[in-house]
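Reading the structure
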Amino acid sequence: MTLAERETQVVERVPKQLFIGGTWRDAKSGAALKVEDPSTASVLCEVADAGTEDAFAALETAVAAQPSWAKHAPRERGEILRRAYELLMQRQDELALLMTLEMGKPHAEAKGEIAYAADFLRWFSEEAVRIEGGYSVAPNGQARFLIMRQPVGPSMLITPWNFPMAMGTRKIGPAVAAGCTMILKPAQQTPLCALALAEILREAGLPDGVLSVLPTSDAGGVTEPLLRDGRIRKVSFTGSTPVGRKLLEQSSEQVLRTSMELGGNAPFLVFDDADIDAAVDGAMQAKMRNIGEACTAANRLYVQSGIATEFARRLSERMGALRLGRGTEEGSEVGPLIDAKAREKVQSLVDDAVSRGARVLVGGSAGDGDGYFYRPTVLADVPQSSDLSTTEIFGPVAPIIPFDTEEEALTAANDTEFGLVSYVYTQDLNRALRVSEELETGMVGLNQGVVSNPAAPFGGVKHSGLGREGGRVGIEEFLETKYIGVGGV
Ligand code: NAP
């Protein structure tokens, strides 16, 4: 089979309808949404385009399924997740190809995301049976406290396009483990991964009505009426800070539980005493994972003056050697950006920095072809005042900003409303701990360029969000605490 035939086959295999109450159906309006391949700007296929009526149909099934799902044995909920984990891994190659086609990342990286996504299901399959309560004696000895944990209830899950599988499983895993029913609204650029995931969960034995998946070109029309309805009890969102703010406002009406995984503007600090090879490796990972389209992407590289020139030289060499190409091509290391708008934004940020005195060491322009390619770029001597240091780049651009003292680096790193992750490279243990304590972020990569791990609590502070996903605390986001005061014992 040729690659082109295989591409057609993986796209054809995915259900193209809405998944509501365990069945596949067309949108009530009959509307369809085009899915594009960002590496060629051509249309891959169409999927059903949900509207408000479909959203309410999904809500009815989520509400109807909630009581029996909450009573489902935790072990069975865990086993459904475990089976879904196995299925994802069995189909890793084909699912990765699907992801590459609709999102653009190179196939090897897409395979990595399938494994990462599957691991959330495995992690939460193990957590489903570890939901614990408590029993204690009141301080005055005259009552007993019984503490139980219960599912929050029907939940709205909203995910972005950049990690189309993992952002889904990072929410579905804990929601299933906790016993919540859910409606997933994937990003309109990447509905195919979400639909494929729904089919896998169905095959794994997820009961009808527990999960609905609604691709739509009208995000607000599908989610807002449900958030204002009162029967949805939770919204878990991953995406940009402005949309997160809007959802928080909407959630206030019915006082919903909220989890917000929002934008980032990660500082990457390299001190003179760092292992420079390790720092360059880490910068490559932190910058280039997912073509730079990650909330955790190193956005500002602060490098101490003594090593700034050498660090910039080595990083430029590595960035310049990366192979740009369609993610399905053998040896391709950098795929296209998601769309034309994303590429224009990256170019305008680079132009702004250059107009303020930054020097282009490598890259600085769009790639060839019809797709939305942008060349891996390193900019030196970027002034702190440039838009690059305040805006989430979401592309393969590494701005290097030199600094002299630790205090100066910390002040610059914290000078942002975002607070998702920061990276620190130093071999001085005292400095490592001191700086990690001072950084205003929910996560710190200390001498490592990747922090994401299903077993660790992922999340940000300040405008980067509320709550944590993954780790032991991940399931908490989908649980309520009920306290029963027992008298007369
Ligand atoms: P986005 O524009 O905020 O979109 C995210 C999701 O929200 C999409 O499903 C989108 O649907 C939906 N949406 C947009 N407007 C909405 C509205 N008014 N009501 C309800 N839903 C709405 O973000 P993006 O550009 O896809 O993703 C990139 C952003 O996500 C970056 O800021 C990145 O840092 C952040 N992110 C954060 C994390 C984290 O864990 N902190 C992880 C990954 C990404 P449409 O597709 O229809 O617009």
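Per-chain numbering applies: the sequence of each chain, read as written, is numbered from 1 onward. Confidence filtering applies because this is a predicted model: local features only for residues at pLDDT of at least 70, side-chain atom pairs given and counted only at 80 or more, and all residues used for totals across whole chains, interfaces and linings. Hydrogens and waters are ignored; side-chain quantities use all the structure's heavy atoms.

Moving on to helix 14 (residues 429–438). Buried means the residue's accessible area, taken with a 1.4 Å probe over protein chains only, is under 20% of the maximum for its type, while exposed means over 50%, and partly exposed covers the values in between. In DSSP terms, a helix is any run of H or I states spanning at least four residues, a strand is any run of E spanning at least two, and both are numbered starting from the N terminus. Along helix 14, the positions that sit buried rather than exposed are Arg431, Ala432 and Val435. Taken around the axis of helix 14, the buried residues stretch over an arc of 100°, which confines them to a single face. Structural note: helix 14 exposes Leu429, Asn430 and Glu437 on the side pointing more than 90 degrees away from its buried face. The contact criterion used throughout is that any non-hydrogen atoms of two residues lie within 4.5 Å. Packing partners of the buried residues in helix 14 comprise strand 12 (266–270), strand 13 (298–304), helix 13 (406–414), strand 17 (421–425) and strand 18 (443–446). We define a polar contact as two N or O atoms separated by no more than 3.5 Å, with the added condition that, inside protein, one atom must be a possible hydrogen donor and the other a possible acceptor, whereas residues neighbouring each other in sequence contribute only through side-chain atom pairs. Residue aspartate 428 occupies the N-cap position of helix 14, its side-chain oxygen lying 2.9 Å from the main-chain nitrogen of asparagine 430. Note that the arc is defined by the directions from the helix axis to the C-beta atoms.

Moving on, we get to the UniProt feature "domain: Aldehyde dehydrogenase" (unreviewed entry) in the chain. Per the UniProt entry, the sites bearing "domain: Aldehyde dehydrogenase" (unreviewed entry) are residues 24–484 in this numbering. Between the end C-alpha atoms of residues 24–484 there is a gap of 42 Å, over a span that is 39% helix and 20% strand. UniProt positions are given in the numbering used here, feature names are shortened, and annotations may be inferred rather than shown by experiment.

Now for the site of the ligand. It suffices for a single heavy atom of a residue to lie within 4 Å of a molecule or strand for the residue to be listed as near it. Looking at the ligand, there are 31 residues lining it, with Thr159, Arg170, Ser240, Leu262 and Glu392 nearest. At 2.7 Å from an oxygen atom of the ligand is found a main-chain nitrogen or oxygen belonging to threonine 159. Only the protein chains shown count as cover for residues, and all accessible areas are computed by the Shrake-Rupley method using a 1.4 Å probe. In isolation the ligand offers 900 Å² of accessible surface; the protein chains occlude 87% of this area. Contributing elements (two or more residues each) for the shell around the ligand: helix 6 (166–178), helix 8 (219–227), strand 10 (234–238) and helix 9 (241–253). Lys, Arg, Asp and Glu make up the charged group, whereas Ala, Val, Leu, Ile, Met, Phe, Trp, Tyr, Cys and Pro make up the nonpolar group; the residues left over, Gly among them, are polar. Among the residues forming the shell around the ligand, the class breakdown is 15 nonpolar, 11 polar and 5 charged. Either an automatic procedure or a domain database provided the assignment from which the domain bounds are taken. When residues of the shell around the ligand are sorted by domain, at least three fall in each of domain 1 (3–262 + 465–484) and domain 2 (266–446).

A word on the side chain of serine 236. Tracing the chain through its elements places serine 236 in strand 10. Of note is the side chain of serine 236, whose polar atom sits 3.0 Å from the side chain of lysine 171.

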